[in-house]
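# Fold and geometry: a report
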Amino acid sequence: MKKCFLYLLMVGGLGACIQSEPLNAEADITACKILNAKGLPETNIKGNIIINNAQVLAQANPKIDLTNLALQVTLTEGASISPDPSKVMDYSQTRKFTVTSQDGNWHKEYSVIIDTFDLPFQYDFEHYELNETGKYQVFFEETQGTALFKQYIWASGNSGFALTGVGRNPQEYPTVSIENGIDGSRAIKLETKSTGQFGETVKMPIAAGNLFLGSFDVNNAVQKPLKATLFGLPFGKKPLKFKGYYKYVPGTQSFKANTVTISRQEDEGDIYAVLYEAAGLDGKVLDGNNVLTSKNIVALARVEVEKTDRYIEFETSFQYGERKEISWPQFIYRDPSDDGTGKYLRFSEEKMKNYEYNLAVVF
């Protein structure tokens, strides 16, 4: 079946007396390490561990012993977790943990998934579910191994948009699943949305629809939005071509940017895939600041998105070695010292086999 992409692009007051500090109401896992049965860091984990709002996801080499692992977790101040993750457990299936806030009023259930499958080569966008609050859609792939396994490899800025309070239901968010794809399949709709009064206050009046392999750090969504998009997951193959389907129609609504209306200017769509070396990078991933310009890039495949109200097929090769001329969108930052003529990093078969490369696919 043909699949497709649809791309549209405290201030506190002084009281009369000093009060004790209130107990923390946060219930989050902020960091996680995977240990073997001896309490040492597990060496078969590939790349960085992704922590989303209610999930911890790690990729591992198939030779890992999933039946004898433990976790070393960092929680928000004063929070507790049950059961005790430092105990050796069987992680051949998804395990659930409950984090309770310091004040005891809030708790959150986390799923810990250690996945021994590689990233799939084909993405059909047929599967989604609502997040734990029911506000927006979360997208995943399904892999058939010894059991049907959900791979939560896709991320979007939906969790950041939730902070605005604008979306009244999941269909009003920037990134949503829709039915009218090709040949009866589903597609993903990406649409620029106004962030309302919240956006005007923080001088971020619009939110782009986006979907990408990786994770979204909602803690940076307002202060450092480009750092919030963490692109890429470990990949143990050499990609050659990038292909799929999309349609793109520019938006017609006028938004205000820092109280200045931008007239006669269209939004721009972008579709690309990047293979890069994770070593030496902050958090071992590229983000919105450097995903197209980093010196760690090994290969790039980028689609010149056209305006079209019908689905069209795209196919482009991964560019290794010499970089070709790129028509950069206005929103991409370019290092003034980079004249665009340098080479990408040399591809290494050994690094590929050791999962030292990440693959980012971004819409």
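These remarks concern the structure in this document. (Residues numbered from 1 in each chain as written. Predicted model: local features only at pLDDT ≥ 70, side-chain atom pairs only at ≥ 80, totals over all residues. Heavy atoms only, no water.)

### Focus on the overall build of the chain
The secondary structure content of the chain amounts to 4 helices and 27 strands. Taking all 363 residues of the chain together, 48% fall into the buried category. In the form shown here, the chain has an accessible surface area of approximately 19600 Å², with 50% of it arising from carbon and sulfur atoms. (Helix = DSSP H or I, 4+ residues; strand = E, 2+ residues; numbered from the N terminus. Buried < 20%, exposed > 50% of the residue type's maximum accessible area, 1.4 Å probe, protein only. Areas by Shrake-Rupley, 256 points an atom, 1.4 Å probe, with all protein chains shown as cover.)

### Looking at the sheet that holds strand β4 (residues 55–60)
As summarised here, the arrangement of the 5 strands in space is β3-β4-β8-β7-β6, forming an open sheet in which the pairing is mixed. For this open sheet the edge positions go to β3 (45–51) and β6 (80–82), each flanked by a neighbour on one side alone. Strand-to-strand twist across the sheet, computed as the mean angle between neighbouring axes with direction ignored, equals 20°. As judged from the 6 bridges shared by strand β7 (residues 95–100) and strand β8 (residues 107–115), these two strands associate in the antiparallel manner. When the sheet's bridge partners are listed, Lys 96 is paired in β8 with Ser 111. (Pairing = 2+ DSSP bridges. Axes fitted to C-alpha atoms, helices over the stretch in contact; angles between N-to-C directions.)

### Examining the environment of Pro 174
As for its position among the elements, Pro 174 is in the loop between α1 (158–161) and β13 (175–178). Beyond its immediate stretch of four places on either side in the chain, Pro 174 contacts Asn 158, Phe 161, Lys 189, Leu 190, Glu 191, Lys 193, Ala 207, Ala 208 and Gly 209. (Contact = heavy atoms within 4.5 Å.)

### Quick word on the pattern of salt bridges
For the coordinates displayed, the defined rule picks out 10 salt bridges. The closest approach of N and O atoms between Glu 179 and Arg 186, which form a salt bridge, is 3.9 Å. We note a salt bridge from Asp 270 to Arg 302, for which the minimum N-O separation is 3.1 Å. One end of the pair, Asp 270, is in the loop between β22 (260–261) and β23 (271–277); the other, Arg 302, is in strand β24 (residues 297–303), with 32 residues separating them in the sequence. With a relative accessible area of 11%, Arg 302 lands in the buried category. What emerges from the salt-bridge pattern is a single network uniting Lys 189, Glu 191 and Lys 193. (Salt bridge = Lys/Arg side-chain N within 4 Å of Asp/Glu carboxyl O.)

### Some points on the packing of aromatic side chains
Summed over all chains, the structure comprises 14 aromatic pairs. Both rings, one in Phe 121 and one in Phe 235, keep their centres 6.1 Å apart while their planes meet at 80°; by these two values the pair is edge-to-face. In this pair, Phe 121 sits in the loop between β8 and β9 (127–130) while Phe 235 sits in the loop between β19 (233–234) and β20 (241–248), placing the two residues 114 residues apart along the sequence. According to the relative accessible area criterion, Phe 235 is buried, its value standing at 4%. (Phe/Tyr/Trp six-rings, centres within 6.5 Å; stacked < 30°, edge-to-face > 60°.)

### Digging into the nonpolar core
One finds Trp 154, Phe 242 and Phe 363 to be the most contacted residues of the largest nonpolar core, which totals 38 residues. Ranked by residues supplied to this core, first place goes to β24 with 4 residues. Trp 154 has contacts with Tyr 123, Phe 125, Phe 139, Phe 140, Glu 141, Leu 211, Phe 212, Leu 213, Gly 214, Val 361 and Phe 363, leaving out every residue within four places of it along the chain. Counting 21 residues, the second largest nonpolar core, distinct from the first, contains Ile 45, Ala 58, Leu 66 and Phe 97. (Core = buried A, V, L, I, M, F, W, Y, C linked by side-chain atoms within 4.5 Å.)

### Remarks on the pairing of β4
Within β4, 6 of the 6 residues are buried, which leaves it mostly tucked inside the rest of the structure. Every second residue of β4 is oriented toward a common face, with Gln 55, Leu 57 and Gln 59 on one face and Val 56, Ala 58 and Ala 60 on the other, all of them buried. Where β3 meets β4, 4 bridges bridge the pair, whose relative direction is antiparallel. Paired with Lys 46 across the two strands is Gln 59, which belongs to β4. Sheet topology note: the β4/β8 ladder contains 5 bridges and is parallel. Looking across to β8, one finds that Gln 55 is bridged to Ser 111.

### Considering the side chain of Glu 42
Looking at the secondary structure, you find Glu 42 in the loop between β2 (29–35) and β3. Engagement of the side chain of Glu 42 in a polar contact is seen with the side chain of Asn 44, the distance being 2.9 Å. In this structure, Glu 42 is in contact with Ile 34, Leu 35, Asn 36, Ile 64 and Leu 69, ignoring residues within four places of it in sequence. (Polar contact = N/O pair within 3.5 Å; in protein donor to acceptor, adjacent residues only side chain to side chain.)

By themselves, these figures tell us nothing about what the structure is for.
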